[in-house]
Amino acid sequence: MSLPTNLSYTEEHEWIEDRGEIARIGITEHAAGALGDIVFVQLPEVGDKIESGQACGELESTKSVSDLFAPVTGEVVAINESVVDDPAVVNSDPYGEGWLIEVRVTETGATLTAQQYSELINE
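In this text, all values refer to a predicted model and were calculated from it rather than measured experimentally.

Student: Explain the UniProt feature "domain: Lipoyl-binding" (unreviewed entry) in the chain to me, please; I cannot follow it from the model alone.
Tutor: Mapped onto the present numbering, the UniProt feature "domain: Lipoyl-binding" (unreviewed entry) falls on residues 22-104. Secondary structure across residues 22-104 comprises 20% helix and 45% strand; the distance between its end C-alpha atoms is 5 Å.

Here it is, written out as structure tokens:
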């Protein structure tokens, strides 16, 4: 499994791409694999305020429903409509077309480097 080194990660298996004041957020390949085939994605609305560490959406798979935890605090400025329409994109391209939300960040929660996240999931 590859882990892009330009991203930050959380212990809850989200990734964060720093784009200046905007952060793009998704779930890791490890999380997508553990969930199985994702069949439904519920995301916050544009304009919603989210808080680091709090649930801000859900991913439903053929196996279970999992909360999406906000890795940052801020305002949602974009959601990826293509994953709402075709949730399987999260499984097929979790670090690319399978991104979930973009947030104007006011605070970032605890993050891990790719190396630290790799150690976490391989324990």
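Student: Would you mind going over the nonpolar core with me for this structure?
Tutor: Within soluble globular proteins, side chains that are nonpolar tend to cluster in buried spots. One finds Ile27, Val41, Leu43, Leu100 and Ile101 to be the most contacted residues of the largest nonpolar core, which totals 24 residues. Looking at this core, the elements with two or more residues in it are strand E3 (22-27), helix H1 (29-35), strand E4 (38-42), strand E6 (55-61), strand E8 (72-79), helix H3 (88-92) and strand E9 (101-108). Leave out the neighbours within four places in its chain, and Ile27 touches His13, Glu14, Trp15, Ala32, Leu35, Ile38, Leu59, Leu68, Val90, Pro94 and Leu100.

Student: Mind showing me how you'd approach the side chain of Glu102 here?
Tutor: Locating Glu102 in the fold gives a position in strand E9. Its relative accessible area of 11% is what places Glu102 among the buried residues. Among the polar contacts listed, one links the side chain of Glu102 to the side chain of Arg19, at a separation of 3.4 Å. Glu102 has contacts with Arg19, Ile22, Ala23, Arg24, Glu75, Val76, Val77 and Ala78, leaving out every residue within four places of it along the chain.

Student: Could you clarify how one ought to interpret the UniProt feature "modified residue: N6-lipoyllysine" (unreviewed entry) in the chain in this entry?
Tutor: The positions that UniProt labels "modified residue: N6-lipoyllysine" (unreviewed entry) are, in the present scheme, Lys63. With respect to the element layout, Lys63 can be found in the loop between E6 and strand E7 (65-69). Excluding residues within four positions of it along the chain, Lys63 makes contact with Gly33, Ala34, Leu35 and Gly36. In terms of polar contacts, Lys63 uses its side chain to reach the backbone carbonyl oxygen of Ala34, at 3.5 Å.

Student: Mind showing me how you'd approach a negative patch on the surface here?
Tutor: A cluster of acidic side chains, namely Glu45, Asp48, Glu81, Asp85 and Asp86, defines a negative patch on the protein surface. Looking at the secondary structure, you find Glu81 in helix H2 (residues 81-85).

Student: Mind showing me how you'd approach the side chain of Glu14 here?
Tutor: As for its position among the elements, Glu14 is in strand E2 (residues 14-19). For Glu14, which is buried and forms no salt bridge, the nearest opposite charge comes from Arg24, at a distance of 16 Å. Here the side chain of Glu14 touches Phe69 through a polar contact of 3.2 Å, landing on its backbone nitrogen. If we skip the residues at most four places from it in the chain, Glu14 touches Ser8, Tyr9, Gly26, Ile27, Thr28, Asp67, Leu68, Phe69 and Pro71.

Student: Help me out: how do you make sense of the packing of aromatic side chains in this one?
Tutor: Describing an aromatic ring pair means giving the distance of the ring centres and the angle of the ring planes. Throughout the structure, instances matching the rule amount to two aromatic pairs. For the ring pair Tyr9 and Tyr117, a centre distance of 5.0 Å and an interplane angle of 15 degrees mean the geometry is stacked. Of this pair, Tyr9 sits in strand E1 (residues 8-9) while Tyr117 sits in helix H4 (residues 114-121), placing them 108 residues apart in sequence. Comparing Tyr9 with Tyr117 shows no difference in burial state: the two are buried. Directly above the ring of Trp99 sits Arg24, whose terminal nitrogen or CZ lies 4.0 Å from the centroid.

Student: Explain the sheet that holds E9 to me, please; I cannot follow it from the model alone.
Tutor: Each strand in a sheet pairs with its neighbour through backbone hydrogen bonds, running either in the same direction (parallel) or in the opposite one (antiparallel). In space, the six strands of this open sheet follow the order E1-E2-E3-E9-E8-E5, with antiparallel pairing throughout. The open sheet terminates on both sides in strands that have one partner only, identified here as E1 and strand E5 (49-50). Bridge count for E8 against E9 is seven bridges, and the pairing is antiparallel. Note on E9: the bridge partner recorded for Thr73 is Glu107.

About the thresholds
Residues numbered from 1 in each chain as written. Predicted model: local features only at pLDDT ≥ 70, side-chain atom pairs only at ≥ 80, totals over all residues. Heavy atoms only, no water. UniProt positions renumbered as here; feature names shortened; annotations may be inferred. Helix = DSSP H or I, 4+ residues; strand = E, 2+ residues; numbered from the N terminus. Core = buried A, V, L, I, M, F, W, Y, C linked by side-chain atoms within 4.5 Å. Buried < 20%, exposed > 50% of the residue type's maximum accessible area, 1.4 Å probe, protein only. Contact = heavy atoms within 4.5 Å. Polar contact = N/O pair within 3.5 Å; in protein donor to acceptor, adjacent residues only side chain to side chain. Patch = residues over 30% accessible without salt bridge, like charges linked within 9 Å, V, L, I, M, F, W, Y side chains within 5 Å. Areas by Shrake-Rupley, 256 points an atom, 1.4 Å probe, with all protein chains shown as cover. Salt bridge = Lys/Arg side-chain N within 4 Å of Asp/Glu carboxyl O. Lys, Arg positive; Asp, Glu negative; His and termini not counted. Charge placed at Lys NZ, Arg CZ, Asp CG, Glu CD. Phe/Tyr/Trp six-rings, centres within 6.5 Å; stacked < 30°, edge-to-face > 60°. Lys NZ or Arg CZ within 6 Å of the ring centre and 35° of its normal. Pairing = 2+ DSSP bridges.

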